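What the coordinates show
Residue-level listing of the chains:
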Amino acid sequence: MIGRDDRSSTRPAIRKGRAQPMWQYVLRRCGQAVVVVILVTFLTFLLLHNLPGGAARSALGLGATQAQIAAYNEQMGYNEPFITQYVLYLSRLVSGDLGFSFQMNQPVAELIVQRLPKTVLLSVLAAAVALVIAVPLGALQATRRGKLPDYLVTWVALLAYATPLFFSGMLLIVLFSQTIPILPPQAPQGFGVRDILSDWQGLILPVGTLAIATLAAYTRYVRSTMIDNLQENYIRTARAKGLPGSRVVIRHALRNSLFPVISLLGMYIPVLFSGALVVEQLFNYPGMGLMFWQATQTRDFPILLATTTIVAIATVLGSLLADIAYAVADPRVRLSGGGE
């Protein structure tokens, strides 16, 4: 659960220092992002490279002879030193070559181009739904702190947070597809995003399930941030000037409370993807999560490596964009050298 200490980890640090132009702030954060991506790709490559059996055994099957495995390793360059293999992998990654899926018999880049937009659509819709619900609920809790609405929302949020995602999805299927059959239990199976959106009824349960996973965290975060803002001097000044209570809460306290949520969105990209993995499998949604799950079952080394790398890059980019957006919204961050 996100509390006061957690909020400080997701909010860029604001400390005193020399004023810094925006371009320097962005350049430094981009440099940090590149270093993190290289480290993540290195660790991912190292981990998958040392899987029992190796990529050759996964590609050729358990019946492959040692001669066939040796020939495959020679052809794919797996006999080269590890560092050489990693450098070759990075060079191919930069050029857009993500390898060839030996299970799906298709270039991995083409598979990801087909699947990634669907997972992005699912994650964006879930985050939007969670925010639309969490912001007013968090504001209600902050303004009714210690009262019945605050306790009710807290209990519901804790219940949602403690419930496994798989169980939440199953519960929604039982309720809205079997007990009250108004929604399909399976997600849309269209080839593209337009086809998926045309069958929007099938999106409701997957999006709702994934939104539940983040709703509780967003609600608690907005509540805590807004409570802090309601105790600030500028709020007391606004009230002392006779401004209406609703205007003080919505225009001043709530508005300032939303800035840190920008950082939270960036930090929740990996959470959304891990949730999408479960949701896509549960609802048979043809996205990246389902492809990753199928690749783990078949030990499809190129897909596992490419998917993990892309998620890592997306996480770093999300954090980078969140920090830049936060610096634009709150100039104190970049002027004080925050974000480190």
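Residues numbered from 1 in each chain as written. Predicted model: local features only at pLDDT ≥ 70, side-chain atom pairs only at ≥ 80, totals over all residues. Heavy atoms only, no water.

Observations regarding the nonpolar core
Leu122, Leu210, Met226, Phe283 and Tyr285 are the most contacted members of the largest nonpolar core, which has 40 residues in total. Ranked by the residues each element gives to this core, the list is headed by helix H10 (residues 201-230), at 12 residues. Grouped together as the second largest cluster of nonpolar side chains are 20 residues, Phe45, Met288, Phe292 and Ile303 included. (Core = buried A, V, L, I, M, F, W, Y, C linked by side-chain atoms within 4.5 Å. Buried < 20%, exposed > 50% of the residue type's maximum accessible area, 1.4 Å probe, protein only. Helix = DSSP H or I, 4+ residues; strand = E, 2+ residues; numbered from the N terminus.)

As for the pattern of salt bridges
By the definition in use, this model includes 1 salt bridge. Note that Asp150 and Arg223 form a salt bridge whose closest N and O atoms lie 3.0 Å from each other. Here the residue Asp150 occupies a position in helix H7 (residues 148-162), and Arg223 occupies one in helix H10, the gap between them amounting to 73 residues. (Salt bridge = Lys/Arg side-chain N within 4 Å of Asp/Glu carboxyl O.)

Examining the packing of aromatic side chains
Each aromatic ring pair is described using two quantities: the centre-to-centre distance and the angle formed by the ring planes. Enumeration according to the criterion identifies 6 aromatic pairs in this entry. Aromatic side chains Phe45 and Phe82 sit 5.5 Å apart centroid to centroid with 45° between the ring planes, which places their arrangement in the tilted category. Here Phe45, found in helix H2 (residues 22-49), pairs with Phe82, found in helix H5 (residues 82-94); they are 37 residues apart in sequence, far enough to count as distant. An identical accessibility class is assigned to Phe45 and Phe82; each is buried. Relative to Trp155, the ring of Tyr151 lies with its centre 6.3 Å away and its plane at 20°, an arrangement referred to as stacked. (Phe/Tyr/Trp six-rings, centres within 6.5 Å; stacked < 30°, edge-to-face > 60°.)

Quick look at the confidence of the model for the chain
The predicted coordinates ought not to be read in detail in places where the model reports low pLDDT. Per-residue confidence for the chain averages 79 on the pLDDT scale, and 85% of its residues sit at or above 70. Across the chain, helix H8 (residues 165-179) holds the top mean pLDDT of 90, while helix H1 (residues 4-10) sits lowest at 44. A low-confidence stretch, residues 1-15 (pLDDT under 50), is modelled with 39 contacts involving residues beyond four sequence positions or located in other chains. (pLDDT = per-residue confidence, 0-100. Contact = heavy atoms within 4.5 Å.)

So, the environment of Tyr89
By the element assignment, Tyr89 lies in helix H5. Residue Tyr89 is classed as buried on the basis of its relative accessible area, which comes to 6%. Distance in space between the C-alpha atoms of Tyr89 and Gly99 is 9.1 Å, their sequence separation being 10 residues. Each residue touching Tyr89, except ones within four places of it in the same chain, is listed here: Phe45, Leu305 and Thr309.

A closer look at the packing of H7 against H10
As a packed pair, H7 and H10 sit with axes 8 Å apart at the nearest point and diverge in direction by 140°. One element, H7, and the other, H10, form an angle in the oblique class. Between H7 and H10 lies a crossing of left-handed hand. Residue-level contacts link Asp150, Val153, Thr154, Ala157, Ala160 and Tyr161 of H7 to Ile212, Ala216, Ala217, Thr219, Arg220 and Arg223 of H10. (Axes fitted to C-alpha atoms, helices over the stretch in contact; angles between N-to-C directions. Parallel < 35°, antiparallel > 145°, perpendicular 65-115°, else oblique. Left-handed = near helix turned anticlockwise from the far one by under 90°.)

Quick look at H7
The end-to-end C-alpha distance of H7, which contains 15 residues, comes to 21 Å, matching closely the 21 Å that a straight helix rising 1.5 Å per residue would cover. All buried positions along H7 are accounted for by Asp150, Val153, Thr154, Ala157 and Ala160. In an axial view of H7, the angular spread of the buried residues amounts to 130°, which keeps them on one side of the axis. More than 90 degrees from the buried face of H7, the exposed residues found are Leu148, Trp155, Val156, Leu159 and Ala162. Buried residues along H7 sit against helix H6 (108-143) and H10. (Expected span 1.5 Å × (residues − 1). Arc of directions from axis to C-beta.)

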